[in-house]
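Below, each chain spelled out in residue letters.
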Amino acid sequence: MNFFNFSINKILTREQSILDQARIRLLYYGFLLAIVGLGALFLSVYLQNLHVLTLTAGGILVAIVALFKYLTYKPHWHTISHLLLITGTLLNLAIVFVILQDVNIVTIQVIILIIVFSFYMLGQNWGMFFTLLNLLPILIFMVMQYDHNYFIDFKPEKADQSTTIIAVFANFILIIFIHSHFYTAFLKNIQQLKNTGEEQATLNIKFERAIEKAEKSSQVQSEFLSTMSHEIRTPLNAVIGMSNLLLMNHPRPDQSENLEILKFSANNLLAIVNDVLDFNKIESGKVVFEKIKFNLVELMQNICGGQMIKAEEKGLLFKLDIDSSLRRKVIFGDPTRLTQMIFNLVSNAIKFTSEGNIWVRATCLEDRHNNITVGFSVKDSGIGIRKENLETIFEPFTQESITTTRQYGGTGLGLAIVKRLLELQGLQMHVSSKVNIGSEFSFNMEFPVSTEIVVPLKELVTETRQHQLQHTGAELELPESSLRILIAEDNPVNVMLMKKLFSKWNIVPTIAENGERAVEILQYGNFDIVLMDLQMPVMNGFDASIEIRKMTDPAKSRIPIIALTASALFDIRDQVTSAGMNDYVAKPFKPDELMEKIQNLIATVE
């Protein structure tokens, strides 16, 4: 700020509040009024030859001018207010105790002026402080004067009536100005608060509408994905299912080759659909991580079993290295999501490696008895990644370059899904890569360790089947052939597929074209298990399952129900469970996976 500035406009800024601007204006115009009033008082007492009052008025006038200049140079209104109140207090006490040795109307006005100014400018605490600082000495003086106990060796000066009139008039003008100015400022502040409140209310309404719109949009998106998933998966289910059935009929070599190509292409399309749906689920934040028991060694072997075959078909050496200390440990975690992450990393490694090796490692980095930290690593000798592209490869629908996309294919979602799944668990992916040498992707994950001994699922199923054979005596007959299965399915293609599939296991299922018909058939028939499609006319699978659970016959109300769904709804597992179903299989399903779930549920009931 320029030292020679005298304009109030240059010391007011937009950053200041309405009250702060009012305080600065009060000081600015109040100083001007005070200078005029003090100038008149100075001339009055000077003409009366009152030397002490003249010096006092002159000193106060100089102080007011100095404070005014300080205000226009640096508008520190808080500091200036303190200095002004201290000056006024000293002046008031000096006039009462020394100069006039009396309390008159001017003294009362000065006290009122100090009280009003201190509260408006500095707030309640400082206002009370300066009020007491001025009132108490005056009250003490009045008591001493009343008892005739106040005497000092100084003859008081006495001004004429004109000086009193000037002082009273000037003080009234200042008091009125202060009240008027702050009244206007308070009104503006209240109006601003009102406007702000109205704007806030309007914004809140808009915000609520935006949230409602976003929720509706999210719901519409979810329903759209569910519908599209159903529409895409339903024909895929038929294509993949029929391919499996034809391959099980021992076709000619040329037919087998064509069927393998058909199945491979359908599975690729299914993988793309699944990646898009999974990524959308992850981005929406609706992924819930399970905490179930599993054996890490078995899981890694299952993940890499099929991938080893793919690697061998490309002439690659696939090596799976699992820490021996992990073999006897049963841990808690989400095997499905871990499978998804490892599978995507291994698939990428095989895809982008034309010759050389693939290494998959699971190493126990830290064993704290109740918790272990496992390091997972997938390394290849493939094309590698340039350093400047190490960050972009984790972006959705992104690969290192257009050439890579055209040459190797894919959606560019695999690494994005892995990274998002790790981030949702507070973990990070580490990447090291060199062009034409290879890449290594690694991450560390902590698992709680179970102290229980859990029998592997395969052994449990084998024992159950052996137990069934011993009791039935059907040593040469497949146990599946005696299963009584009710299938609720409205799609004719899927019905034909299911019939052909179960005929391979010598099972003749009963078909219900909708949920209502399924409930009716189950009431009058006996079945071991129900396979329930979720989206059907008349009555859907959820309502049908609820009706079944309400049946009075315990054998029917507790019958195992497996949901067959092509839906992509994020909370499908919760919906299936809340409807009373035991498990679900996503279409298109693998025949062995479906039969395994059927056997497990029937074995559990028995």
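In this report, the structure presented in the accompanying data block is examined. This structure is a prediction, so every number in the text was calculated from the model and none was measured. (Residues numbered from 1 in each chain as written. Predicted model: local features only at pLDDT ≥ 70, side-chain atom pairs only at ≥ 80, totals over all residues. Heavy atoms only, no water.)

### Remarks on unusual backbone geometry
One non-glycine residue, His-148, lies in positive phi territory at about 55°. By the element assignment, His-148 lies in the loop between helix 5 (124–146) and helix 6 (161–248). Residue class for His-148 comes out exposed when judged on its relative accessible area of 61%. At Asn-436, a residue that is not glycine, the phi angle is positive and equals roughly 65°. (Helix = DSSP H or I, 4+ residues; strand = E, 2+ residues; numbered from the N terminus. Buried < 20%, exposed > 50% of the residue type's maximum accessible area, 1.4 Å probe, protein only.)

### Side note on the sheet that holds strand 11 (residues 561–565)
Reading across from one edge, 9-8-10-11-12 is the order of the five strands in this open sheet, with parallel pairing throughout. Edge positions in the sheet fall to strand 9 (510–512) and strand 12 (583–586), since each has one partner strand and no second. Taking each pair of neighbouring strands and ignoring which way they run, the sheet shows an average axis angle of 20°. In the sheet, strand 8 (residues 485–488) pairs with strand 9 via three bridges, with the strands oriented parallel. (Pairing = 2+ DSSP bridges. Axes fitted to C-alpha atoms, helices over the stretch in contact; angles between N-to-C directions.)

### Quick word on the packing of helix 14 (residues 515–524) against helix 15 (residues 541–549)
Relative to each other, helix 14 and helix 15 sit at 20°, their axes nearing to 8 Å. In terms of orientation, helix 14 and helix 15 fall into the roughly parallel class. As for the relative orientation of helix 14 and helix 15, their crossing is right-handed in sense. Each of Gly-515, Val-519 and Leu-522 in helix 14 lies in contact with helix 15, whose residues at this interface are Ala-544, Glu-547 and Ile-548. Of the residues assigned to the contact of helix 14 with helix 15, the class counts are four nonpolar, one polar and one charged. (Parallel < 35°, antiparallel > 145°, perpendicular 65-115°, else oblique. Left-handed = near helix turned anticlockwise from the far one by under 90°. Contact = heavy atoms within 4.5 Å. Nonpolar A, V, L, I, M, F, W, Y, C, P; charged D, E, K, R; others polar.)

### What to know about the packing of helix 3 (residues 77–99) against helix 4 (residues 105–122)
Helix 4 packs onto helix 3 with a crossing angle of 160° between their chain directions and a minimal axis gap of 10 Å. Put simply, helix 3 runs roughly antiparallel to helix 4. Considering the relative orientation of helix 3 and helix 4, their crossing is left-handed. Taken together, the residues of helix 4 that come into contact with helix 3 (itself represented by Trp-77, His-78, Ser-81, His-82, Leu-84, Leu-85, Gly-88, Thr-89, Asn-92 and Val-96) are Thr-107, Val-110, Ile-111, Ile-114, Phe-117, Ser-118, Met-121 and Leu-122. Grouping the amino acids of the contact of helix 3 with helix 4 by side-chain chemistry returns ten nonpolar, eight polar and no charged.

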